[in-house]
Amino acid sequence: MGEQAPSKVSAKAQPARQGKGSAKKPSVAKPESRLAMVRRARRINRELAEIYPYAHPELDFRNPFELLVATVLSAQTTDLRVNQTTPALFAAYPTPEDMAAAAPEHLEELIKPTGFFRAKSRSLLGLSQALRDNFGGEVPGRIEDLVTLPGVGRKTANVVLGNAFGVPGITVDTHFGRLVRRWKWTEQEDPEKVEAEICAIFPKSEWTMLSHRVVFHGRRICHARRPACGACPIAPLCPAYGEGETDPEKARKLLKYEKGGQPGQRLSPPPDYPGLPAPPLGTPAP
């Protein structure tokens, strides 16, 4: 026998219709399972790889020592300001031995544009002396050694390992932490806990490039205060869509760096970077 058609509910049994002024009960979204979140996160990573095939570290460097110093200087300032400052710094002190012997006052003067120059000067002198005395003047390629250097934590160590030594690592900076929480990949605030949870979602081979892609997206489209939701290619995958500007035309005006036709952060960007190089220090704004 076939199934019986459902009987009609009598008017008496039907719920009363809501009045014009009554509030409509909001629908409750079904919680996302971990498996669904992991699939969504990995799809976002694939999408970001297509959006930013040129993603790269946005600090200018030619060797592990320059990257280490630049990363220490990047605290509480922009990569652009660091990149505008390091040419004169590395011209004066190209090696750990040179920097270890620097006069603190001269070092402070050279790095002053990056802010907090006294504390940063102490870190640079300390790490340069440690490299000279404990590592033969070479930047070590192990996180256990890097974090023993003054001013070097896991974030800095992962930047150096991933980009100067090819050792995969997640770099949890302000942009990365903000976006992975916005995308509901983690609820953690502590950078080490964020790193551990994100590492568990992605294969190790993706860690370094994932970090670059997320940071690129955070700087260009998914801004902290006013994300350009209406111009975001991954909007359909974003649980926070609507926190920012959703009008496509208005959103496009919020895009930054190469997405907005503006210079990037590096004075010497990689050859495949589609944007303009950043101007040297002291160049007047156009």
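Our subject is the structure that appears above.
Residue indices follow the written sequence of each chain, beginning from 1 at its first position. Note on the predicted model: pLDDT of at least 70 is required for a residue's local features to be given, and 80 or more for side-chain atom pairs to be given and counted; whole-chain, interface and lining totals, by contrast, use all residues. Only hydrogens and water are removed before side-chain values are computed, so all heavy atoms of the structure are retained for them.

Student: Requested: an account of the layout of surface pockets, with residues and values cited.
Tutor: Site definitions follow a grid-based scheme: protein atoms alone, a 1 Å grid, a 1.4 Å probe that fits but cannot get out for cavities, and for pockets an open set with protein on both sides within 12 Å along at least five of seven lines, plus lining residues having an atom within 4 Å of a point. Grid points are joined across faces, edges and corners, and a volume is the space filled by probe spheres set on the points. Of the pockets and cavities examined, the largest pocket occupies roughly 900 Å³. Along its surface, the largest pocket is lined by 36 residues, and Thr-77, Asp-79, Asp-173, His-175 and Arg-219 are the ones closest to its centre. Per the convention used, a helix needs a DSSP run of H or I reaching at least four residues, while a strand needs a run of E reaching at least two, with both numbered from the N terminus. Looking at the lining of the largest pocket, the elements with two or more residues in it are helix H2 (64-73), helix H8 (154-164), helix H9 (174-182) and helix H11 (207-220). Sort the elements by how many residues they give to the lining of the largest pocket and H11 lands first, with six residues. Residue classes follow a fixed rule: Ala, Val, Leu, Ile, Met, Phe, Trp, Tyr, Cys and Pro count as nonpolar, while Asp, Glu, Lys and Arg count as charged, and any other residue, Gly among them, counts as polar. Here the lining of the largest pocket is composed, by residue class, of nine nonpolar, 18 polar and nine charged.

Student: Can you explain the state of the cysteines? Please cite residues and give values.
Tutor: Any pair of cysteine sulfurs within 2.5 Å is marked as a disulfide. Applying the stated criterion across every chain, the model contains zero disulfides. Left without a disulfide partner, Cys-229 is nearest to the cysteine sulfur of Cys-238, which lies 6.4 Å away. Throughout, exposure labels follow a simple rule: accessible area from a 1.4 Å probe, protein chains only, divided by the maximum for the residue type, with under 20% read as buried, over 50% as exposed, and the rest as partly exposed. Its relative accessible area of 8% is what places Cys-229 among the buried residues.

Student: Account for the side chain of Asp-173, naming residues and giving values.
Tutor: Secondary-structure assignment places Asp-173 in the loop between H8 and H9. Neither His nor the chain ends is counted toward charge; the positive residues are Lys and Arg and the negative residues Asp and Glu. The salt bridge definition used is simple: a Lys or Arg side-chain nitrogen within 4 Å of an Asp or Glu carboxyl oxygen. With no salt bridge to any partner, buried Asp-173 finds its closest opposite charge in Arg-219, at an N-O distance of 4.8 Å. Nitrogen and oxygen atoms within 3.5 Å of one another constitute a polar contact, given that in protein one can donate a hydrogen and the other can accept it, and given that sequence-neighbouring residues count only through two side-chain atoms. A polar contact of 3.2 Å, which involves the side chain of Asp-173, links it to the backbone nitrogen of His-175. Two residues form a contact once any of their heavy atoms are found within 4.5 Å. The contacts of Asp-173, once residues within four sequence positions are left out, are Lys-155 and Val-215.

Student: Lay out the packing of H9 against H11 with the relevant residues and their values.
Tutor: Where H9 contacts H11, the axes come no closer than 8 Å and their chain directions differ by 85 degrees. The orientation of H9 relative to H11 falls into the category roughly perpendicular. Contacts between H9 and H11 pair His-175, Phe-176, Arg-178 and Leu-179 from the former with Leu-210, Ser-211, Val-214, Val-215, His-217, Gly-218 and Arg-219 from the latter. Its residues assigned to classes, the contact of H9 with H11 shows five nonpolar, four polar and two charged. For helices, the fitted line uses only the C-alpha atoms of the stretch in contact; every axis is such a line through C-alpha atoms, and the angle between N-to-C directions lies from 0 to 180 degrees. Roughly parallel refers to an angle under 35 degrees, roughly antiparallel to one over 145, roughly perpendicular to one between 65 and 115, and oblique to any angle outside these ranges.

Student: Explain the nonpolar core to me, using residue names and the numbers behind them.
Tutor: Phe-176, Trp-183, Trp-185 and Ile-198 are the most contacted members of the largest nonpolar core, which totals 40 residues. Within the residue set of this core, elements represented by two or more residues are helix H1 (34-51), H9, helix H10 (191-199) and H11. Counting residues per element, this core draws most heavily on H1, which supplies six residues. Beyond its immediate sequence surroundings of up to four residues, Trp-183 is in contact with Arg-40, Ile-44, Leu-48, Val-214, His-217, Ile-234, Cys-238 and Pro-239. In this structure, Leu-59, Met-99, Leu-107 and Ala-130 belong to the second largest nonpolar core, which totals 32 residues. For this analysis, a nonpolar core means a set of buried residues of the types Ala, Val, Leu, Ile, Met, Phe, Trp, Tyr and Cys, connected via side-chain atoms within 4.5 Å.

Student: Give me the packing of aromatic side chains: which residues, what numbers.
Tutor: Side-chain rings of Phe, Tyr and Trp, where Trp is taken by its six-membered ring, are said to pair if the distance between their centres is within 6.5 Å; with planes under 30 degrees apart they count as stacked, over 60 as edge-to-face, and otherwise as tilted. The final tally for this structure, using the stated rule, is six aromatic pairs. An angle of 85 degrees between the planes, with centres 6.3 Å apart, marks the rings of Tyr-52 and Tyr-54 as edge-to-face. Of the two residues examined, Tyr-52 and Tyr-54, each falls in the buried class. Between Tyr-52 and Phe-216 the ring centres are 5.9 Å apart and the planes differ by 70 degrees, which places this aromatic pair in the edge-to-face class. Note that Tyr-52 is positioned in the loop between H1 and H2 and Phe-216 in helix H11, a separation of 164 residues in sequence. Note on Phe-216: relative accessible area 0%, which makes it buried. Ring pairing ties together the aromatic residues Tyr-52, Tyr-54, Phe-216 and Tyr-273, which thus form one cluster. Here, a charge over a ring is recorded when the distance from Lys NZ or Arg CZ to the ring centre is within 6 Å and its angle to the ring normal is within 35 degrees. The ring of Phe-216 carries the charged tip of Arg-220 above its face, separated from the ring centre by 3.7 Å.

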